[in-house]
Amino acid sequence: MTAHTATTHTASALPTVPETAAGERRVLRKVLWGAQILLAAFLFFASALPKFAGQADAVTTFDEIGWGQWLRYVTGAVEAAGAIGLVVPRLAGLAAAGLIGLMGGAVLTQVLVLEPAWALLPAAFAAVFAAIAWDRRAESRAVLHSLKR
C-alpha cells in the first residue's frame, strides 16, 4: 500500500459533516419516538380514559374549573385523538402541534384556577410536543399539502 492510498483510505473512513448530521438526526428521531410512545400511552390510559370513565378526581377537577362536565369529555376526546395521532408517523407532527394548544390551556387552568405548581407538568409536555412537531414538520407539510388538492 502506498502512502497516497493509505491517506485516501483513511480520509474516506472519516464521517463527513452531512453523514454526522444524518446520524444525529436518526438518534433524535429515535429519542422522540420513545417520547411519543410514552406520552401517547400516558395521554390515552392515564388521562383520557379516566375522564371518559368519570373517575372521581376527574369529575372533581372539572367541577373546580367551573365550566361543566362537558369540558371533561371534550378534553378526554382531544387527549385520546392526540395520543393516537402521536403514534401515526404522518400525523405525529400535527397531533403534537394540537397538543401544544391543549397543554397551553392546561397551564392556564392550573395557574388561574387549580394549583399553580402543577402547571409545570403540562408546560414540560408542551416543550416535548414542540420538539416532536418541529422534527415532524416535513410530514405535517405533506399532509396539509395533500388536503389542498
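What counts as what
- Residues numbered from 1 in each chain as written.
- Predicted model: local features only at pLDDT ≥ 70, side-chain atom pairs only at ≥ 80, totals over all residues.
- Heavy atoms only, no water.
- 1 Å grid on protein atoms, 1.4 Å probe; cavity = no way out; pocket = protein on both sides within 12 Å on 5 of 7 lines; lining within 4 Å.
- Points joined across faces, edges and corners; volume = space filled by probe spheres on them.
- Helix = DSSP H or I, 4+ residues; strand = E, 2+ residues; numbered from the N terminus.
- Nonpolar A, V, L, I, M, F, W, Y, C, P; charged D, E, K, R; others polar.
- Contact = heavy atoms within 4.5 Å.
- UniProt positions renumbered as here; feature names shortened; annotations may be inferred.
- Axes fitted to C-alpha atoms, helices over the stretch in contact; angles between N-to-C directions.
- Left-handed = near helix turned anticlockwise from the far one by under 90°.

**What to know about the layout of surface pockets**
Left-over empty space is what a probe sized like a water molecule reveals as it rolls over the atoms. In this structure, the largest pocket occupies an estimated 890 Å³ of space. Taken together, 28 residues line the largest pocket, and the ones lying closest to its centre are Ser47, Lys51, Thr61, Glu79 and Gln110. Of all the secondary-structure elements, those providing two or more residues to the lining of the largest pocket are α2 (17–53), α3 (56–65), α4 (70–86), α5 (92–112) and α6 (120–135). Of the residues forming the lining of the largest pocket, the biggest block, 7 residues, is contributed by α5. Of the residues in the lining of the largest pocket, the class split is 17 nonpolar, 7 polar and 4 charged.

**Brief notes about the side chain of threonine 75**
When you line up the elements, threonine 75 lands in helix α4. In contact with threonine 75, not counting residues within four places along its chain, are Lys51, Phe62 and Leu102.

**Here's the deal with the UniProt feature "transmembrane region" (unreviewed entry) in the protein chain**
UniProt tags residues 31–50, 70–88, 93–111 and 117–134 as "transmembrane region" (unreviewed entry). For residues 117–134, helix accounts for 83% and strand for 0%, while the C-alpha atoms at its two ends are 27 Å apart.

**Thoughts on the packing of α3 against α4**
Viewed as axis vectors pointing N to C, α3 and α4 meet at an angle of 115°, and their least axial separation amounts to 9 Å. For the pair α3 and α4, the sense of crossing is right-handed. In this structure, α3 uses Ala58, Val59, Phe62 and Ile65 to contact α4, whose residues at the interface are Leu71, Arg72 and Thr75. Taken together, the residues of the contact of α3 with α4 sort by class into 5 nonpolar, 1 polar and 1 charged.

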